[in-house]
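# A look at the structure
Listed below are the residues making up each chain.
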Amino acid sequence: HQNPQLIPLAISRGMPYCAAIGQYGYYNNWFVTQIDWWLTEPKVKAMITEFDQSKLIFTHRSNDLIFQTAAIKLFMPPSRRSRFIDFTYQHHTTRHGAVVFGGIESGTTDPQAVARIQNYARKYGGTPRPCQVKDRFQTTQFQRIFYVVPGETSTAPFCSTDGNFI
């Protein structure tokens, strides 16, 4: 009953989580959404059904980050998406006390952003790196932020390899 168009190809072929779709997903431990969209949009409802039936959430760590990112990128027009970039956000996964995924991203209006980024890098490792981000698709200007990603993650979960993420 699986629809391969609705399941990330890399994950369905057994690629590791971070080397596949997850590295370009929306961090969603702080997530604002209109619940109605998830319950009434026919294509989203179909995707929810396929996702549940696939059992990939249990077998390939295809979690809410992957699911919500896929649904938003596939079915929500970019003009309806927003990204909150004004506050510093830290989220990571640790194993045996070491960060293996995640990191910290500076907020554009956080007066303590530089100190937070430097303290995080000292505590967990990694190097502060710049990234250009937008808060809305229609915004014409990118804003510079910094992020730190220690551990096994090869690219920042916040920025694409070219340094831009909308």
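Attention in this report is confined to the structure presented alongside it. Just so you know, these numbers come straight off a predicted model, no measurement behind them. (Residues numbered from 1 in each chain as written. Predicted model: local features only at pLDDT ≥ 70, side-chain atom pairs only at ≥ 80, totals over all residues. Heavy atoms only, no water.)

## Comments concerning helix H6 (residues 113–124)
Heads up, the rule is: Think of it this way: any DSSP run of H or I at least four residues long counts as a helix, any run of E at least two long counts as a strand, and we number them from the N terminus. Expected span, for any helix, means 1.5 Å times one less than how many residues it has. Burial classes: relative accessible area under 20% of the type maximum marks a residue as buried, over 50% as exposed, and values in between as partly exposed (1.4 Å probe, protein chains only). Working note: the arc is built from the helix axis to C-beta atom directions. The contact criterion used is simple: two residues touch if any of their non-hydrogen atoms lie within 4.5 Å.
End to end, H6 covers 16 Å across 12 residues, agreeing with the expected 16 Å (1.5 Å per residue, within 8%). Where H6 is concerned, the buried positions are Ala113, Ile117, Tyr120 and Ala121. Within H6, the buried residues cover an arc of 100 degrees as seen down the axis, which keeps them to one side. Facing away from the buried side of H6, by more than 90 degrees, are the exposed residues Arg122 and Lys123. As for H6, its buried residues are in contact with strand E1 (89–95), strand E2 (98–105) and strand E4 (143–148).

## Quick notes on the packing of helix H3 (residues 42–54) against helix H5 (residues 64–75)
Let me state the cut-off plainly: An axis is simply a line fitted to the C-alpha atoms; with a helix, the fit covers only the stretch in contact. Between two such axes, the angle follows the N-to-C directions and lies from 0 to 180 degrees. Angles are sorted into four bins: roughly parallel if under 35 degrees, roughly antiparallel if over 145, roughly perpendicular if 65 to 115, and oblique for all others. Two helices that cross are described as forming a left-handed crossing if the nearer one is turned anticlockwise from the farther one by less than a right angle, and a right-handed crossing if clockwise. In this classification, Asp, Glu, Lys and Arg are treated as charged, Ala, Val, Leu, Ile, Met, Phe, Trp, Tyr, Cys and Pro as nonpolar, and every other residue, Gly included, as polar.
Here H3 crosses H5 at 150 degrees, and the two axes come no closer than 11 Å. Here H5 runs roughly antiparallel to H3, going by the angle between their axes. In the crossing of H3 with H5, the sense of the turn from one axis to the other is right-handed. Contacts from Lys43, Val44, Met47, Ile48 and Phe51 in H3 reach Phe67, Ala70, Ala71, Leu74 and Phe75 in H5. Its residues assigned to classes, the contact of H3 with H5 shows nine nonpolar, no polar and one charged.

Remember that the coordinates give geometry; whether it matters functionally is a separate question.
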